[in-house]
Amino acid sequence: MTEEETVLLASWRPGLLMLSFVILTAACVADEREIYLVLMEGDPVAFHRGLMTTTEAGGKPDSHSEVSKAYAKKLVDSHDKILKSTLETGSYNKLYSFKHIVNGFAVHTSPSQVKKIRSAAGVKVVERDRGAKMMTSYTPHFLGLPEDVWTQEGGETNAGEGIVMGFVDTGINPFHPSFAYDPVNPFASNFSHFAGVCEEGPRFPENSCNGKIISARFFSAGAQAVATLNASMDFLSPFDAVGHGSHVASTAAGNCGVPVVVNGCYYGQASGMAPSARIAVYKAIYPSIGTLADVVAAIDQATLEGVDILTLSVGPDEPPEDTITFLSVFDIFMLSANKAGVFVVQAAGNHGPTPYSVVSYSPWAVGVAACSTDRIYTASLILGNGLKVGGVGLSGPSFGDGLYKYKLVLAKDAVKADGSFPKTPPYTEECQYPEALDPLIVQGSVVICNFSEGFYNGTSSVTAIIDTARVLGFMGFLLVANPAYGDFIAEPIPFPVPGIMIPRTSDSKIISEYYEENVRRDKRGEVTKYGGSAAICDGRIASYMGRAPIVNRFSSRGPDIIDHDRNPTDVLKPDILAPGHQIWAAWSPISVLEPILFGNNFGMLSGTSMATPHIAGVAALIKQNNPSWTPSMIASAMSTTARKCDNNGDPIMGEGSDLYSLYTATPFDFGAGLVNPSGALDPGLVFSSGYEDYINFLCSLPNTDPATIKTATGGSCNSPFSHPSDLNIPSITISGLSGSRLVRRRVKNVANKTETYLCAVQEPKGVRVELNPSWFTVAPEGSQDLEIGLNVTQNIDDFDFGEIVLTGSLNHIVRIPLSIYPVST
């Protein structure tokens, strides 16, 4: 029942009428159609014995033979048959058949009908579609790519060469220079392992796939089933009307050295992490809606076509309701993609800094947290008394670049006297409506707008202030913090007119006191003379002296969770940290969800969506350098070489719940640490896990039935681990250590020389850690087993953290984070 219905019912007299209404409403709601994802018994094409042949380098299934196509048709026919024989005619609409990495389908039907599917022969899993959301230039330099990595790969023109990166997102803007094909520097690689298709449609002509973009598809059956799409923005083509998909793709694989120009200002050059990688686009999120059915259909197709890296800056934004997190349909699809040899990277979520808020759960996908870089855009306001107040805003200066100052006017004092509009904050103090202000007062002035009720509840916008400023001819505007609402968070988005946001109440108080000291008011409080003045300085100049990285406030935190009740589990999440704050990258000028960026070819965005393609791009560079490495080896290389200190040599900090507060971050904030691309190319040792290991991990989870695992994944619990913490990943997390436990790991030497490693440990509080062996020598391609004994010495009331450090004689350093909750001795 909606909140509006609840309020309405509360105003009625209690009795039979209300009861009848509630029953009828519930009955209607119960039979409304929804999307359900159904997994079936029987192997999909990629994993059917007798069909799969593998390439020497990538180990990817060949699903394009005539025999494979015939088997795929057989699966589709079986889906149609079960629906036809189980459900009433006209009661459903099949949206997709999944047949490559998962055998199943998506159907739009009612809850009463889906009950019949659940009991049908051959049906393994039925899950309601939870929907999917977006997890919303300088960073190559911040991560050391031009100096340390691109030079190893033959320069930026070769970095990522031969790798296909798949992006499941909002599509792509094919006209953007970040995705242009350069005939002067033609691509050298052939892509026999990849077979994509370019689907044309509105704003996406046939020639959009140009050699840089080598495949582009769109998936809309789910979106069309549950929403009425708007033809003016929900384009049924791979075209990106939002900008998010273009931003993500260009961050990972955009061309090198593309000039970033916004509102006539040059902000430098943008480059992707792997600028020579090719792009395959799978549009599955629309401005109006995103469904999980469209997303998993895109994952299935991307894996079929042969992508090397799969980037998921979209996905479910909450844990599943009726199953453990690892066995949701979304996570099963990611497991199957991993099994097919695809490196899967996903956003950790934007629900920070609350603990237990990650939406990346499974060890077979790399979950990425977001951090800042050392780049800072500083904007400032100069008052008539010479005082300078700092703020936020990518705008040009008021005329004269600070030399000339202009009348300072508080919007409240410029409201028209006729009272022909509502006396609400958007009209009186938030500068949302030009008709509310006296143009004779505000024209040519710097106008103070207050962060008040409308901004607090999200109904007011900076875009509306800009429109008001244009219509009435402001010389500039201020959006200042309101003591009644406290400080607010401001991001430096480009303003086409001079403007600045003052997000701290301490600074807005300075401006307010100056203003009141310089106005004259009559007995009614009306201003009779404006004596204050101000100028806005250029806010578009960057400095590179900030402390970095700092884990962003919005970035979701661990520990990892196993269920909807957010019980912790023995996997470290997030996995790793990457830049995700104030990232310049390609955009779509249509920008249907961000009006302030309309007409721009670039956007500066923040979110774990922005951090994710950084890791995808680094993975492409590692894959290029080591074609035979599995997804888990690539993930391990990034994890064990990650950095835990900032640019000052101090521990990485995280933004806390209180605005502008910092605390010492932990692995539940940053995973293994900040990605270190140059180190990841030469990690020395790697931890490797495969599909059978992940099945054994699932089988070792507490209170998990082997039959449930087999039903969901098709894998059998033949050799479950003693504990989930025995999964061979480059971290150790135990959510409830009682007494003692022996944890096992195996490392492989991927260097080309024999090396001796010395083992050391920083113990978590309350835990004694013993390593066996304490040192070892391992030959190239050789392996070494490690035993880590953990003993509780003190009960504490939360997780504590430490690390194991393996220091090699040839300068390799391998770090293994420890996250332990000692519950009893």
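Residues numbered from 1 in each chain as written. Predicted model: local features only at pLDDT ≥ 70, side-chain atom pairs only at ≥ 80, totals over all residues. Heavy atoms only, no water.

Caption draft 1: A look at the pairing of strand β40 (residues 813-824). Examined bridge by bridge, strand β33 (residues 732-738) and β40 share five bridges and lie parallel to one another. The partner of isoleucine 734 across the bridge, within β40, is isoleucine 820. For strand β39 (residues 800-808) and β40, the ladder comprises eight bridges, and the chain directions are antiparallel. Counterpart to aspartate 800 in the pairing with β40 is isoleucine 820. In textbook terms, the turn of a hairpin is the stretch between consecutive antiparallel strands, and for β39 and β40 this stretch comprises four residues, one of which, asparagine 811, has a positive phi near 80°. (Pairing = 2+ DSSP bridges. Helix = DSSP H or I, 4+ residues; strand = E, 2+ residues; numbered from the N terminus.)

Caption draft 2: Representation of the domain arrangement of the protein chain in the model. What the domain assignment lists for the protein chain is domain 1 (34-128), domain 2 (139-374 + 548-677), domain 3 (379-540) and domain 4 (685-689 + 728-822). The gap between the C-alpha centroids of domain 2 and domain 4 is 30 Å. The interface of domain 2 with domain 4 comprises 21 residues on the first partner and 20 residues on the second. Buried surface at the junction of domain 2 and domain 4, summed over both partners, amounts to about 1700 Å²; 62% is from carbon and sulfur atoms. Broken down residue by residue, the surface that domain 2 buries against domain 4 is led by Asp570, Thr640 and Phe668, which jointly contribute 30%. Taken together, the connections running from domain 2 to domain 4 amount to two salt bridges. (Domains from an automatic or database assignment. Contact = heavy atoms within 4.5 Å. Buried area = accessible area lost by both parts, 1.4 Å probe. Salt bridge = Lys/Arg side-chain N within 4 Å of Asp/Glu carboxyl O.)

Caption draft 3: Representation of the UniProt feature "domain: Inhibitor I9" (unreviewed entry) in the protein chain. Under the feature "domain: Inhibitor I9" (unreviewed entry), the UniProt entry names residues 71-131. The annotated region residues 71-131 carries 39% helix and 31% strand content, and the separation between its end C-alpha atoms amounts to 30 Å. (UniProt positions renumbered as here; feature names shortened; annotations may be inferred.)

Caption draft 4: Looking closely at helix α21 (residues 706-713). Taken as a whole, α21 has its buried residues at Ile709, Ala712 and Thr713. Along the long axis of α21, the arc covered by the buried residues comes to 75°, so they all point the same way. Contact partners of the buried residues in α21: β1 (34-40), β4 (123-128), α10 (329-339) and α20 (691-699). Positive phi appears at glycine 714, one or two residues downstream of α21, with a value of about 85°. (Buried < 20%, exposed > 50% of the residue type's maximum accessible area, 1.4 Å probe, protein only. Arc of directions from axis to C-beta.)

Caption draft 5: Here's a closer look at the sheet that holds strand β24 (residues 533-536). Pairing within the open sheet is mixed, and its seven strands lie in the order β17-β16-β24-β18-β19-β20-β21. With partners counted over all chains shown, the strands left at the sheet margins are β17 (388-391) and β21 (499-502), one partner each. Neighbour to neighbour, the strand axes of the sheet diverge by 30° on average, direction disregarded. Pairing between strand β20 (residues 476-480) and β21: four bridges, direction parallel. Across the sheet, the residue bridging to leucine 478 is isoleucine 500, located in β21. Sitting on the sheet, helix α14 (residues 462-472) touches β19 (446-450), β20 and β21, and the angle it makes with β20 is about 150°. (Axes fitted to C-alpha atoms, helices over the stretch in contact; angles between N-to-C directions.)

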